[in-house]
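This is what each chain is made of:
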Amino acid sequence: MDTQGQFEQIMKECRELFAKKLHDYGAAWRIMRPASVTDQIFIKANRIRSLEVKGVSLVGEGIRPEFMAIVNYSIVGLIQLELGYADAEDMAAECALEYYDKYAGLSLALMLKKNHDYDEAWRGMRISSYTDLILMKLYRTKQIEALAGQTLVSEGVDANYMDMMNYAVFGLIKLTFGE
């Protein structure tokens, strides 16, 4: 399977999990402000790094579910940036999945462009490097949020969410399909 096929397979798995959580919880995440979404991604990335360093999980879950959560929370963040947060759950599952598909498609398109330009350099990287890059993007995002988006030369929060999502997908590809 080529990179596009692997990427699409991982995104399909992440979407299936997102849909199941929509069934169980509804779109309760609609109340989250973007900074809260960023913090939730931080928790997931920090846990991955902790597991990579310690080599053991006391709660029995590995890094794969955390990378999947980063993918899904990145999409939630992009939706929240587009629509703004709500004061209550205000989105049907079908609508949430339409937005999910929109941002999954944009993520794939971005990955294909970057993959062309960088010649699949990500395949030579360690999974722990994706974790570190996600954490770096999170610190950048927090700074951009602190500046209320008023950067001088940097991309915005949305671009950072897209990059975090793609790094998480790369980690999932390696965990699923191997090196």
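Residues numbered from 1 in each chain as written. Predicted model: local features only at pLDDT ≥ 70, side-chain atom pairs only at ≥ 80, totals over all residues. Heavy atoms only, no water.

1. Here's the deal with the nonpolar core
Formed by 51 residues in total, the largest nonpolar core has its most connected members in Met-11, Trp-29, Phe-67, Val-71 and Ile-134. Breaking this core down by element, the ones donating at least two residues are α1 (3-25), α2 (34-54), α3 (64-83), α4 (93-118), α5 (127-146) and α6 (157-177). If we ignore the near neighbours within four places in the chain, the residues touching Trp-29 are Phe-18, Leu-22, Val-76, Ile-79, Gln-80, Met-91 and Ala-96. (Core = buried A, V, L, I, M, F, W, Y, C linked by side-chain atoms within 4.5 Å. Buried < 20%, exposed > 50% of the residue type's maximum accessible area, 1.4 Å probe, protein only. Helix = DSSP H or I, 4+ residues; strand = E, 2+ residues; numbered from the N terminus. Contact = heavy atoms within 4.5 Å.)

2. With respect to the environment of Trp-122
Following the sequence through the fold, Trp-122 ends up in the loop between α4 and α5. Trp-122 gets classed as buried once you look at its relative accessible area, which sits at 5%. Distance from Trp-122 to Ile-173, taken between C-alpha atoms, is 11 Å for residues 51 residues apart in sequence. Once residues lying within four places of it in the same chain are set aside, the contact partners of Trp-122 are Thr-3, Asn-115, Tyr-130, Phe-170, Ile-173 and Lys-174.

3. Focus: α5
Compared with an ideal rise of 1.5 Å per residue, which puts 20 residues at 28 Å, α5 spans 29 Å between its outermost C-alpha atoms and is within 8% of the ideal. Within α5, burial applies to Ile-127, Tyr-130, Thr-131, Ile-134, Leu-135, Lys-137, Leu-138, Thr-141 and Ile-144. Residues of α5 that are buried make contact with α2, α3 and α6. Of the residues flanking the end of α5, it is Ala-148, one or two places downstream, whose phi is positive at about 55°. (Expected span 1.5 Å × (residues − 1).)

4. Quick word on the side chain of Lys-137
Mapped onto the fold, Lys-137 is located in helix α5. According to the relative accessible area criterion, Lys-137 is buried, its value standing at 8%. In this view, Lys-137 contacts Asn-160, Asp-163, Met-164 and Tyr-167; residues no more than four positions away in its chain are not counted.

5. As for the packing of α4 against α6
Between α4 and α6, the shortest axis-to-axis distance is 10 Å and the interhelical angle comes to 75°. Regarding the angle of α4 to α6, the classification is roughly perpendicular. For the pair α4 and α6, contact is made by Tyr-103, Leu-106, Ser-107, Leu-110, Met-111 and Lys-114 and by Met-162, Asp-163, Met-165, Asn-166 and Phe-170, respectively. Residue composition of the contact of α4 with α6, grouped by class: seven nonpolar, two polar and two charged. (Axes fitted to C-alpha atoms, helices over the stretch in contact; angles between N-to-C directions. Parallel < 35°, antiparallel > 145°, perpendicular 65-115°, else oblique. Nonpolar A, V, L, I, M, F, W, Y, C, P; charged D, E, K, R; others polar.)

6. Notes on the UniProt feature "domain: Nucleotide modification associated" (unreviewed entry) in the protein
UniProt feature "domain: Nucleotide modification associated" (unreviewed entry): in the numbering of this structure it lies at residues 21-81 and 114-175. From the first C-alpha to the last, residues 21-81 spans 21 Å; its make-up is 72% helix and 0% strand. Secondary structure content for residues 114-175 is 71% helix and 0% strand, while the C-alpha to C-alpha distance between its ends is 21 Å. (UniProt positions renumbered as here; feature names shortened; annotations may be inferred.)

7. A word on the packing of aromatic side chains
Enumeration according to the criterion identifies five aromatic pairs in this entry. Measuring from centroid to centroid gives 4.2 Å for Trp-122 and Phe-170, while their planes differ by 5°, and the two rings are stacked. Here Trp-122, found in the loop between α4 and α5, pairs with Phe-170, found in helix α6; they are 48 residues apart in sequence, far enough to count as distant. For the residue pair Trp-122 and Phe-170, the accessibility class agrees, reading buried in each case. (Phe/Tyr/Trp six-rings, centres within 6.5 Å; stacked < 30°, edge-to-face > 60°.)

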